[in-house]
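The residues making up each chain are set out below.
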Amino acid sequence: MGVKRIVLFGAPGAGKGTQAEWLCNAVDLAHLSTGDMLRSAVANKTEVGLKAKSFMEAGKLVPDDVVVGVVVDAIAQSAKSTPNGYALDGFPRTLPQAEALREMLAKRSENINLVVLINTPEELILERLTQRRSCPDPKCGAVYNLKSKPPKKAGVCDQCGKALVQRNDDRPETISTRLQAYRKETEPLAAYYKKAGVLVDIPGSGSVYEVAGRILEAVAKLGRHA
Ligand code: AP5
C-alpha cells in the first residue's frame, strides 16, 4: 500500500511508545508521540510547554486546542522527512481530537488507515509504569524498565550516559488519575474507530517482540487490502 497513517492506541503503559519505536524502525515511519513532544516543550519552557505542564504533572489531559496544534505541525513536518507515513502515539485521546484529525486529513483526501488498540491488562500496566525509568534528555528520551529492559549500568542511560529518572507522572497516585482519564475520555474512541472500520484490537501482554509481531501482522494485512 501507499502512505501509512497509523494510530497506536491504548491505556497509559500499554506499550504504545515501545511498539511505535519498533514499528517505525521496521517499516520506516515517523514516530509522532504527543507525550514526547509535550515533555520536550515543557523542558524547553516553550509557550506550549507552559500551557501543558500543570496538566501533565497532575496526570490530566492537556487541552485539545494545545495538542491539536502540536500534531498538525508534526504531521506537516513528517511528510517532508518520512514520506512513507507515520505512527501517532498518544493521539488522538478525545473525540474532539479524533474529529480534528479526521477533518485535517479529509482536506487532503487522506484518512487514518489503521488504529491498533494495544489491550494490556491493568495489573501489567501498573507493573510496567512503576518499573519504567526514562532518559530525561528530550534529544535522547530512551525508555527502560527495571524488570523487562534494565539499562546496562544501573541508573544510567545506555545511549547518552545521563542519569535515568522516574517520570513525574509515573508515581502511583498520578497513574491512577491517568487511568481514569483514559477510561473516561480516550477508551470511547475504540468504538469510533471500530465504526470507521479501521480498528484492530491486539493483546498487549507477552514480550515486546510478541506484541510487535501482532502489530506487524495487522500492518501487513493492511497492505494486502489496500
Ligand atoms: P504519554 O507520554 O503519551 O503517556 P501515556 O499515554 O500515559 O503513555 P505512556 O508513555 O505512559 O505509556 P506507553 O503506552 O507509551 O508505554 P511504554 O511503551 O512506555 O502522555 C503523557 C501525558 O502527556 C498525558 O498524561 C497527558 O497529560 C499529555 N498528553 C499526551 N498526549 C496527549 C493528548 N493527545 N491529549 C492530551 N494530553 C496528552 O511502556 C511502559 C513501560 O513498559 C516501559 O518501561 C517499557 O519498557 C515497558 N514495556 C513495554 N512493553 C513491554 C512488554 N511487552 N513487556 C515488558 N515490558 C514492556
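Keep in mind it's a predicted model, so treat the numbers as computed, not measured.

Pairing within the open sheet is parallel, and its five strands lie in the order E2-E3-E1-E4-E7. Only two strands of the sheet have a single neighbouring strand rather than two, namely strand E2 (30-33) and strand E7 (199-203). The sheet shows a mean angle of 20° between the axes of neighbouring strands, direction not considered. Note that strand E1 (residues 4-9) and strand E4 (residues 114-119) share four bridges and pair parallel. Directly across from Val-7, in E4, lies its bridge partner Val-115. Each of E2 and strand E3 (85-89) is contacted by helix H4 (residues 64-81), which is oriented at about 175° to E2, the strand it contacts most.

Here we come to the packing of helix H2 (residues 34-43) against H4. For any two helices packed against each other, one specifies the inter-axial angle together with the distance between the axes. Look at H2 against H4: their axes get within 11 Å of each other, and the N-to-C directions meet at 105°. In terms of their interaxial angle, H2 and H4 are classed as roughly perpendicular. Facing Thr-34, Met-37 and Leu-38 of H2, the residues of H4 in contact are Val-67, Val-70, Val-71 and Ala-74. When its residues are assigned to classes, the contact of H2 with H4 shows six nonpolar, one polar and no charged.

In this approach a probe as big as a water molecule rolls over the atoms, and the regions it shows empty are the leftover space. Overall, the coordinates contain one cavity of 30 Å³ or more when judged by the stated rule. Each pocket or cavity is described by its volume, and for the largest cavity that value is around 30 Å³. Val-68, Val-71, Val-72, Phe-91, Gln-97, Ala-100, Leu-101 and Met-104 are the residues that line the largest cavity. Those elements that provide at least two residues to the lining of the largest cavity are H4 and helix H5 (95-106). Considering every element that reaches the lining of the largest cavity, the biggest residue donor is H5, with four residues. Its residues assigned to classes, the lining of the largest cavity shows seven nonpolar, one polar and no charged.

In this structure the tally under the stated criterion is 13 salt bridges. Between Lys-53 and Glu-57 there is a salt bridge whose closest N-O contact spans 3.3 Å. Placement of the pair is Lys-53 and Glu-57 together in helix H3 (residues 47-58), with a separation of four residues, close to one helical turn. The class for Lys-53 is partly exposed, based on a relative accessible area of 37%. Using a relative accessible area of 37% as the deciding quantity, one classes Glu-57 as partly exposed. For Asp-170, the salt bridge identified is with Arg-132, shortest N-O distance 2.8 Å. Here Arg-132 lies in strand E5 (residues 132-134) and Asp-170 lies in the loop between strand E6 (143-145) and helix H7 (172-186), a separation of 38 residues in the sequence. Judged by relative accessible area, Asp-170 falls into the buried class, the value being 0%. Through salt bridges with shared partners, one network takes in Arg-132, Arg-167, Asp-169, Asp-170 and Arg-178.

We now examine the site of the ligand. Near the ligand, the surroundings consist of 34 residues, among which Thr-18, Lys-60, Arg-93, Arg-132 and Arg-178 are the closest. Between an oxygen atom of the ligand and a side-chain N or O atom of Arg-39, the distance comes to 2.9 Å. A distance of 3.3 Å separates a nitrogen atom of the ligand from a polar atom in the backbone of Val-208. Contact with the protein chains covers 95% of the free accessible surface of the ligand, which is 1000 Å². Of all the elements in the fold, those that place two or more residues in the shell around the ligand are helix H1 (16-27), H2, helix H6 (122-131) and E6. Of the residues that constitute the shell around the ligand, the class distribution is 13 nonpolar, twelve polar and nine charged.

If you trace the backbone, Leu-29 turns up in the loop between H1 and E2. A relative accessible area of 7% means that Leu-29 is categorised as buried. Each C-alpha atom of the pair Leu-29 and Ser-78 lies 8.8 Å from the other, and the pair is 49 residues apart in sequence. Apart from the residues lying within four places of it in its own chain, the contact partners of Leu-29 are Lys-4, Ile-6, Leu-23, Cys-24, Thr-82, Asn-84, Gly-85, Tyr-86 and Ala-87.

Thresholds applied
- Residues numbered from 1 in each chain as written.
- Predicted model: local features only at pLDDT ≥ 70, side-chain atom pairs only at ≥ 80, totals over all residues.
- Heavy atoms only, no water.
- Pairing = 2+ DSSP bridges.
- Helix = DSSP H or I, 4+ residues; strand = E, 2+ residues; numbered from the N terminus.
- Axes fitted to C-alpha atoms, helices over the stretch in contact; angles between N-to-C directions.
- Contact = heavy atoms within 4.5 Å.
- Parallel < 35°, antiparallel > 145°, perpendicular 65-115°, else oblique.
- Nonpolar A, V, L, I, M, F, W, Y, C, P; charged D, E, K, R; others polar.
- 1 Å grid on protein atoms, 1.4 Å probe; cavity = no way out; pocket = protein on both sides within 12 Å on 5 of 7 lines; lining within 4 Å.
- Points joined across faces, edges and corners; volume = space filled by probe spheres on them.
- Salt bridge = Lys/Arg side-chain N within 4 Å of Asp/Glu carboxyl O.
- Buried < 20%, exposed > 50% of the residue type's maximum accessible area, 1.4 Å probe, protein only.
- Near = heavy atom within 4 Å.
- Polar contact = N/O pair within 3.5 Å; in protein donor to acceptor, adjacent residues only side chain to side chain.
- Areas by Shrake-Rupley, 256 points an atom, 1.4 Å probe, with all protein chains shown as cover.

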